[in-house]
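The lines below spell out each chain.
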Amino acid sequence: MIGRIIKVISNDYTVLVDDKKYICKPRGVFRNQNITPLAGDIVEINEDNIITKIFDRKNKLDRPPVSNIDMAIIVMSTTKPDFSNILLDKMLTIIEYNNIKPVICISKSDLLIDDKINESIAYYRKIGYKVLFNTEIDELKEIIKDKFVILTGQTGSGKSSLLNKLDLNLNLKTDEISLALGRGKHTTRAIEFYQIDNSFVADTPGFSSLTFNNMTKEDIKNNFIEFRKYNCKYSDCMHIKEDECALKEDLNNNLILKDRYDDYVSFIKEKENENISFNTKKNR
Ligand code: ZN
């Protein structure tokens, strides 16, 4: 039978085949080969509830450990925790790099939206991102239809309340995962996709401590989506120190959000420092 892993707690994998759920274990040989099934994997299982095969993944994240994700909803609150351009830009860049479609969801919009946040929202929309408020439930349900979706964002940004708004019956269902998370130990691997109509949505704790990992400086540049259109004097222009940079010209004309450009520069610096420390270690 072929199905999809929708829940992982410790070494128990819940595989959904049509409408039936099977709690499965991975084949022993996977461990020797260092293969770990992930939530989101499309798998083959046998009559003994053993996962015998994992099909090719279209994408894979390490943290959260999930695969085959269609969409990531970044929940960003206006306050408590404060709206963070730099965190949002980091998540957008990493999500783009992994070929996942990002959607921005603004929470706690009833509390406070200052001009700066409004300016950011308008800019993200202008460059092509979908930005919705967590009150626009029907629209959110429509865009997640038939998709495997992860919810990301800072602790306290309102991910669980969004999940509960998407499905009023979900309150009870979240208990088991919360319990597993509370117990420590196997927690980082506990993950569950909740079925909401024809969509599957997972809350992903710990996504905010993201790093660029194996992404290069060029990867960072290429995943600032509005930077892709620029043809500068130098074809490998990083849009930082180079002359005759078309992007910086637009920046000076306020066509690029200054905060976002500053985030980009700090990411490139972060990457350069990382490489320096890596090389120093290597030379020892
Ligand atoms: Zn440039």
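Our subject is the structure listed above.
Basis of the calculations
- Residues numbered from 1 in each chain as written.
- Predicted model: local features only at pLDDT ≥ 70, side-chain atom pairs only at ≥ 80, totals over all residues.
- Heavy atoms only, no water.
- Helix = DSSP H or I, 4+ residues; strand = E, 2+ residues; numbered from the N terminus.
- Buried < 20%, exposed > 50% of the residue type's maximum accessible area, 1.4 Å probe, protein only.
- Polar contact = N/O pair within 3.5 Å; in protein donor to acceptor, adjacent residues only side chain to side chain.
- Contact = heavy atoms within 4.5 Å.
- Pairing = 2+ DSSP bridges.
- Arc of directions from axis to C-beta.
- Donors = N, O, S within 2.8 Å, 3.2 Å for Na, K, Ca; no water.
- Tetrahedral: all angles 85-135°; square planar, octahedral: opposite > 155°, others 65-115°.

Novice: Tell me about unusual backbone geometry, residues and numbers included.
Specialist: For the bond from Lys80 to Pro81, the omega torsion is -5°, close enough to zero to count as cis. Structurally, Pro81 is set in the loop between β8 (71–77) and α2 (85–97). With a phi close to 65°, Asn34 is a non-glycine residue in the positive phi region. Judged by its relative accessible area of 68%, Asn34 falls in the exposed class. One non-glycine residue, Asp146, lies in positive phi territory at about 60°. Relative to the assigned elements, Asp146 resides in the loop between α4 (137–144) and β11 (148–152). Judged by its relative accessible area of 54%, Asp146 falls in the exposed class.

Novice: Before we move on, can you summarise the side chain of Lys271 with the specific residues and values?
Specialist: Tracing the chain through its elements places Lys271 in helix α10 (residues 258–283). Here the side chain of Lys271 touches Met215 through a polar contact of 2.7 Å, landing on its backbone oxygen. Contact partners of Lys271, with chain neighbours within four places excluded, come to Phe212, Asn213, Met215, Thr216, Lys217 and Ile220.

Novice: I'd like a description of the pairing of strand β1 (residues 2–9), backed by residues and values.
Specialist: Across the eight residues that make up β1, a large majority, seven, are buried. Where β1 lies against strand β4 (residues 42–45), three bridges are found, and the strand directions are antiparallel. Opposite Gly3, over in β4, you have Val43 as the bridge partner. Sheet topology places β1 next to strand β2 (residues 12–17); five bridges connect them, and they run antiparallel. Within the sheet, the bridge partner assigned to Ile5 lies in β2 and is Val15.

Novice: Run through α4, naming residues and quoting values.
Specialist: By the burial criterion, the buried members of α4 are Ile137, Leu140, Ile143 and Ile144. What you see down the axis of α4 is that its buried residues fit within an arc of 130°, all on one side. Positive backbone phi, at 60°, marks Asp146, one or two positions downstream of α4.

Novice: Talk me through the environment of Lys159; I want residue IDs and the actual numbers.
Specialist: If you trace the backbone, Lys159 turns up in helix α5 (residues 159–166). Note on Lys159: relative accessible area 9%, which makes it buried. Distance in space between the C-alpha atoms of Lys159 and Ser107 is 8.7 Å, their sequence separation being 52 residues. A polar atom in the side chain of Lys159 sits 3.3 Å from the backbone oxygen of Gly153.

Novice: Describe in detail the coordination of the zinc ion, supporting the description with residues and values.
Specialist: In this structure, Cys232 (SG), Cys237 (SG), His239 (ND1) and Cys245 (SG) serve as the protein donors to the zinc ion, at separations of 2.1 to 2.4 Å. Every donor counted, the four donor atoms about the zinc ion form angles of 103 to 114° at the centre, which fits tetrahedral coordination. Read N to C, the donor residues that coordinate the zinc ion are spaced as C-x4-C-x1-H-x5-C. For the pair Cys237 and Cys245, a shared accessibility class is recorded, and that class is buried.

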